[in-house]
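Coordinates in review
Here is how the chains run, residue by residue.
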Amino acid sequence: MNCSMFKILALGLFVAAGPVIAKSPITVSVDYAGHGFNTPTELVPDGQPVNLSVLTGKGTFGKSSIAITVEFIFDENVIGNCPDGYNIPFAILDIDSHLWAFTTTAADNSQVFGFFNTGWMCLTTDMIHYVGEASGIYFGGSGRYEGATGDWVSTFEGTNLDPTIGFRSMTGEISGTLYLP
């Protein structure tokens, strides 16, 4: 079995078993705001680099910091998700053997980790404003979130401010369910 299939199978089994062996579920609700920028890395050389977003959250994890990595790829198949006025469609890059990640760090420095490879983003014609959605799983953490599992979805929006480095604003919310061992 190749490495990527093994990783996907292991993650699937762990997530499926999580609710059975875990404590009561925790409903996740987090509002966040912050900024992001492009890195010099592209997993697919198409002019759309990997992005790093640095955010501050409030909600289930208290006052928290959130860091997210992701790369988007132009994809007309997601145009149906785009609201009026947002007509440039992108999908989250989904390639074998790679999952995008985020870390949420709570005030006590406990962390919860999330992974994903599905979602979309739509931009206005002038490429200044954007909206989107991503979803994935919680898979581990540190401190009080060690061994966490669950699922999440995030909706987001923002404004591209400096196209030379992809500097942008970002706000959004995360909802989902977290299970602790």
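Up top is the structure these notes are about.
Our subject in this report is the structure included herewith. (Residues numbered from 1 in each chain as written. Predicted model: local features only at pLDDT ≥ 70, side-chain atom pairs only at ≥ 80, totals over all residues. Heavy atoms only, no water.)

Quick word on the overall build of the chain
Selection criterion: Here a helix means four or more residues in a row that DSSP labels H or I, a strand means two or more in a row labelled E, and each is numbered from the N terminus. We call a residue buried when its accessible area falls under 20% of the maximum for its residue type, exposed when it is over 50%, and partly exposed in between, using a 1.4 Å probe and counting protein chains only. Note on contacts: a residue pair is in contact if any heavy atoms of the two residues lie within 4.5 Å. All accessible areas in this document rest on Shrake-Rupley with a 1.4 Å probe, and a residue is counted as covered only by the protein chains that are shown.
A tally of regular secondary structure across the chain gives one helix and 10 strands. Reading the chain from its N end, one meets helices and strands in the order α-β-β-β-β-β-β-β-β-β-β. Counting all 181 residues of the chain, 37% fall into the buried class. Within the chain, residue pairs in contact and separated by at least 24 positions form 59% of the contacts whose partners lie at least 6 positions apart. Approximately 9,400 Å² of the chain is accessible, and the part contributed by carbon and sulfur atoms is 60%.

Focus: the layout of surface pockets
Take a probe with the size of a water molecule and roll it over the atoms, and the empty space left behind shows itself. What counts here: Of the two site types, the cavity is a set of points on a 1 Å grid over the protein atoms alone where a 1.4 Å probe fits but cannot get out, and the pocket is an open set with protein on both sides within 12 Å along at least five of seven lines, each lined by residues with an atom within 4 Å of a point. Grid points are joined across faces, edges and corners, and a volume is the space filled by probe spheres set on the points. Residue type decides the class: Asp, Glu, Lys and Arg count as charged, Ala, Val, Leu, Ile, Met, Phe, Trp, Tyr, Cys and Pro as nonpolar, and the leftover types, Gly among them, as polar.
Computed from the structure, the largest pocket encloses a volume of approximately 590 Å³. Lining of the largest pocket is provided by 31 residues; of these, N51, F72, M121, N160 and R168 occupy positions nearest its centre. Within the residue set of the lining of the largest pocket, elements represented by two or more residues are β1 (26-38), β2 (51-59), β3 (64-70), β5 (86-92), β7 (111-124), β8 (129-142), β9 (149-162) and β10 (167-179). For the lining of the largest pocket, the residue count by class is 21 nonpolar, eight polar and two charged.

Quick look at a nonpolar patch on the surface
Quick note on the threshold: Residues enter a patch when their relative accessible area is above 30% and they make no salt bridge; the linking distance is 9 Å between like charges and 5 Å between nonpolar side chains (Val, Leu, Ile, Met, Phe, Trp, Tyr). A pair is scored as a salt bridge if a Lys or Arg side-chain nitrogen falls within 4 Å of a carboxyl oxygen belonging to Asp or Glu.
A surface patch of nonpolar side chains, amounting to about 260 Å² of accessible area, comprises L161, I165 and F167. The residue I165 is located in the loop between β9 and β10 in this model. The exposure class assigned to I165 is partly exposed, which follows from its relative accessible area of 45%.

Some details on the packing of aromatic side chains
As a reminder, the rule being used: To pair, rings of Phe, Tyr and Trp, with the six-membered ring standing in for Trp, must have centres within 6.5 Å; the planes then decide the type, stacked if under 30 degrees apart, edge-to-face if over 60, and tilted in the middle.
By the definition in use, this model includes seven aromatic pairs. Pairing F74 with F90 gives two aromatic rings, centres 5.9 Å apart and planes at 85°, and the pair type is edge-to-face. Note that F74 is positioned in strand β4 (residues 72-74) and F90 in strand β5, a separation of 16 residues in sequence. Classification of F74 by relative accessible area gives partly exposed; the value is 46%. Aromatic ring contacts, followed pair by pair, group F102, F116, Y138 and W152 into a single cluster.

Considering the state of the cysteines
As a reminder of what qualifies: By convention in this document, the label disulfide applies to cysteine sulfur atom pairs within 2.5 Å.
Using the criterion set out here, one finds one disulfide in the structure. Two residues share a disulfide in this structure: C82 and C122, whose sulfurs sit 1.9 Å from each other. Because the sign of the S-S torsion sets the handedness, a value of about -75° for the bond joining C82 and C122 places this disulfide among the left-handed ones. Here C122 lies in strand β7 and C82 lies in the loop between β4 and β5, a separation of 40 residues in the sequence. The same class applies to C82 as to C122, namely buried.

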